Amino acid sequence: MSWMLRPSVPHRWQTYFFMLKSGTGEARRLLWCRHPGDERCSGELQVSRIRTVQPLDTPQGEPCLIIDAAASTAEGTVLTLRAASLQSREDWIVSIRTMMSGSCCPGMSFTGGQAQRE
């Protein structure tokens, strides 16, 4: 679980609380909400839909990650997330890729540092 920023229109970052939920099959999800105590998430993405996750630094040197995922529509979904630190970004990338490979333990959730979603 971690805080991350996500850009909104027009190009303003919004803060969300992100959680990476493990399990089997479709139970593996990336979830985000405004506050850790929220009863409903603002959004979610099944890990099985993620095609790639890559690091990216903004021109200002901010550590971001790009998540490219298949969607129910042809164009897909791209999430840009800004992490609080290089280490937090690396932790997220490793955790998401581990979930993508199916080698993570069922029932465990990732916890990490502060981050942000675009």
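Let me sum up the structure you'll find in this document. In this text the structure is predicted, and so the values were computed from the model without any measurement. (Residues numbered from 1 in each chain as written. Predicted model: local features only at pLDDT ≥ 70, side-chain atom pairs only at ≥ 80, totals over all residues. Heavy atoms only, no water.)

## What to know about the overall build of the chain
Then, number 1: Scanning the chain from terminus to terminus reveals one helix and nine strands.
Then, number 2: Moving toward the C terminus, one meets the helices and strands of the chain in the order β-β-β-β-β-β-β-α-β-β.
Then, number 3: Out of the 118 residues in the chain, the part that is buried amounts to 39%.
Then, number 4: Here the analysis covers contacts within the chain between residues at least 6 apart in sequence; of these, 50% occur between residues at least 24 apart.
Then, number 5: Of the roughly 6,500 Å² of accessible surface on the chain, a fraction of 51% belongs to carbon and sulfur atoms. (Helix = DSSP H or I, 4+ residues; strand = E, 2+ residues; numbered from the N terminus. Buried < 20%, exposed > 50% of the residue type's maximum accessible area, 1.4 Å probe, protein only. Contact = heavy atoms within 4.5 Å. Areas by Shrake-Rupley, 256 points an atom, 1.4 Å probe, with all protein chains shown as cover.)

## Here we look at the pairing of strand β3 (residues 29-33)
Then, number 1: When you tally the buried positions in β3, you get five out of five residues, the bulk of the element.
Then, number 2: Neither face of β3 is open: one carries Arg-29, Leu-31 and Cys-33, the other Leu-30 and Trp-32, and all of them are buried.
Then, number 3: Pairing of β3 with strand β4 (residues 43-46) involves four bridges; the strand directions are antiparallel. Across the sheet, the residue bridging to Leu-30 is Leu-45, located in β4. (Pairing = 2+ DSSP bridges.)

## Examining the nonpolar core
A general trend in soluble globular proteins is that nonpolar side chains are found buried together.
Then, number 1: Judged by nonpolar contacts, the single largest core of 18 residues is most densely connected at Leu-30, Leu-45, Leu-65, Ile-67 and Ile-96.
Then, number 2: At the level of elements, β2 (12-21), β3, β5 (50-57), β6 (63-69), β7 (77-83) and α1 (86-101) are the ones that each hand at least two residues to this core.
Then, number 3: In contact with Leu-45, other than residues within four places in its own chain, are Arg-28, Arg-29, Leu-30, Trp-32, Ile-50, Ile-67, Ala-69 and Leu-79. (Core = buried A, V, L, I, M, F, W, Y, C linked by side-chain atoms within 4.5 Å.)

## Topic: the environment of Arg-97
Then, number 1: As for its placement among the helices and strands, Arg-97 is situated in helix α1.
Then, number 2: Classification of Arg-97 as partly exposed rests on a relative accessible area of 39%.
Then, number 3: Residues Arg-97 and Arg-51, 46 residues apart in the sequence, show an inter-C-alpha distance of 9.8 Å.
Then, number 4: Every residue in contact with Arg-97, bar those within four places of it in the chain, is listed here: Val-53, Gln-54 and Pro-55.
Then, number 5: From its side chain, Arg-97 meets the backbone oxygen of Val-53 in a polar contact 2.6 Å long. (Polar contact = N/O pair within 3.5 Å; in protein donor to acceptor, adjacent residues only side chain to side chain.)

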